[in-house]
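Architecture at a glance
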Amino acid sequence: MGSPLYDPFQVPYMARALVELLILGVLGGAVGVFVLVRRLAYVADALTHTVFPGVVVGFAAGAADGVFWGALVAGLLTAVLLMLLTRAPRISEDSALTVILTACFGLGVVLVSRQHDYRHDLNAFLFGQVLTVTRAEIVQSAVLAAGCLVALALLGRYFTLRAFDPEGARAMGYRTWLLDLALNVLIALVVVAAVRAVGTVLVIALMIVPAAFGRLLSHRIPVIAAIGAAFGALCGWLGLAASYQASVRHGIQLAAGPAVVLLMTAAYALLLAARKAVRA
C-alpha cells in the first residue's frame, strides 16, 4: 500500500507543484519574520494587491509567460512608491497604503474585465494555479528566492536594528529609508514569486502565518526565520498532499493553494491554544 504523503508526487505536475511550494514556503517564512517584527502586515497586504494590474498587463501582453515580468515591474514600482509616500510629512502611512491599494486593485479589475472570459482569469489571478506551474516558473521562483535569502543574510542585522531601535540606527549613520526600501522590495519579490502559484489573495498568508508560528516558539530573529521557513515548506508539502487525496481519492474538490493556507492557520491556532493551555 502506497503512502499518501509520497505517492501523489510521482505524478509530474504534482512534483513540480511541490518544488514550487517548498521554495515559496522557505522564502515566505524567512522574509515574513521582518514583516512581523516591523508590523508591516498591511504593507505586505497592499503589495499583494498592487501587483494585480501588472499581472493582468503581463498576461494580456504575453499570456502566462508575461505574468512574472508584469508582476515584477509592478511590485518594484509599488515598493518605491510606498517608500516615497510614507515619507511625505502630510500623508499618514495608513492613508498612503489605502490609496495605493484601492487604486491599483481597482485598475487591475478594470483591466481584467476587458479580457476574454475574464471571470476565469480573475479567479486564476486571485487564487493561483499551483498545479499548472512549469519548470521555467520554478527556475524563476528559485532565482528570486536565492536572491532574497542572500539579501537577508547581508542585511538581516540592519533590518533587526531598524525594527527595534530606529533612532539608534539613525544615530549610527544608517539611512533608514534605504533599509525600508530594501525590505519593501524583498516583500514585493515574495509576492512576485508566489502570485502565480497561490494568487494575490493568499500570498500574504505565506509571509505572516509561518513567522507568527515561529514567534510563538522563540524570541530570536534567526530562530524565528528558520522555524518559519521550515514550517512554510512543511505545510506546502502536507497541504498539497491533502488536496490531492481529497480531490483524486475521495472526490472532494479542494484547491491546493487554499488547502496549504488552511493547514498553516490550523497549525498556528493549535499551537496558540496549546501555549495558552500550558500557561493556564
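What this report covers is the structure whose coordinates are included nearby.

What counts, and where the lines are drawn
For every chain, the first residue of the written sequence is number 1, and numbering continues from 1 onward in sequence order. Side-chain atom pairs in this predicted model are given and counted only at pLDDT of 80 or more, local residue features only at pLDDT of at least 70, and totals for whole chains, interfaces and linings cover all residues. For side-chain calculations, the full set of non-hydrogen atoms in the structure is used, while hydrogens and water are omitted. The helix count covers DSSP runs of H or I at least four residues long, the strand count covers runs of E at least two residues long, and both are numbered beginning at the N terminus. Accessible area is worked out with a 1.4 Å probe on protein chains only. A residue is then buried under 20% of its type maximum, exposed over 50%, and partly exposed in between. Should any heavy atoms of two residues lie within 4.5 Å, those residues are considered in contact. Between the rings of Phe, Tyr and Trp (Trp by its six-membered ring), a pair exists once the centres lie within 6.5 Å; its type follows the angle of the planes, with under 30 degrees stacked, over 60 edge-to-face, and the other angles tilted. Here, the term nonpolar core denotes a set of buried Ala, Val, Leu, Ile, Met, Phe, Trp, Tyr and Cys residues that are joined through side-chain atoms within 4.5 Å. Polar contacts, as used here, are pairs of N or O atoms within 3.5 Å; protein pairs need one atom able to donate a hydrogen and one able to accept it. Residues neighboring in sequence count only if both atoms are side-chain atoms.

Brief notes about the side chain of R38
The topology assignment puts R38 in the loop between α1 (12–37) and α2 (41–50). Taking relative accessible area as the criterion, R38 reaches 19% and is therefore assigned buried. Setting aside anything within four residues of it in sequence, one finds R38 in contact with R162, A163, D180 and L183.

Observations concerning the packing of aromatic side chains
This structure, assessed with the given rule, holds four aromatic pairs. Taking the centre distance of 5.7 Å and the plane angle of 55° together, the rings of Y6 and W237 count as tilted. Placement of Y6 in the segment before α1 and of W237 in helix α9 (residues 221–249) is noted, with a sequence separation of 231 residues between them. When the centroid spacing of 4.0 Å and the interplanar angle of 10° are considered together, the rings of F213 and F231 count as stacked. Pair noted here: F213 is in helix α8 (residues 176–215) and F231 is in helix α9, with a separation of 18 residues, a long-range link. Judged by its relative accessible area of 7%, F231 falls in the buried class.

Things to note about the nonpolar core
Ranked by internal contacts, the top residues of the largest apolar core, which has 72 residues, are I187, V198, M207 and L240. Among the elements that take part in this core, α8 stands out by supplying 22 residues, more than any other.

What to know about the side chain of S218
Summarising the element assignment, S218 is placed in the loop between α8 and α9. In this structure S218 comes out as buried when scored by relative accessible area, which is 11%. In terms of polar contacts, S218 uses its side chain to reach the backbone amide nitrogen of R220, at 3.1 Å. Other than its neighbours up to four places away in sequence, S218 contacts V223, I224 and I227.

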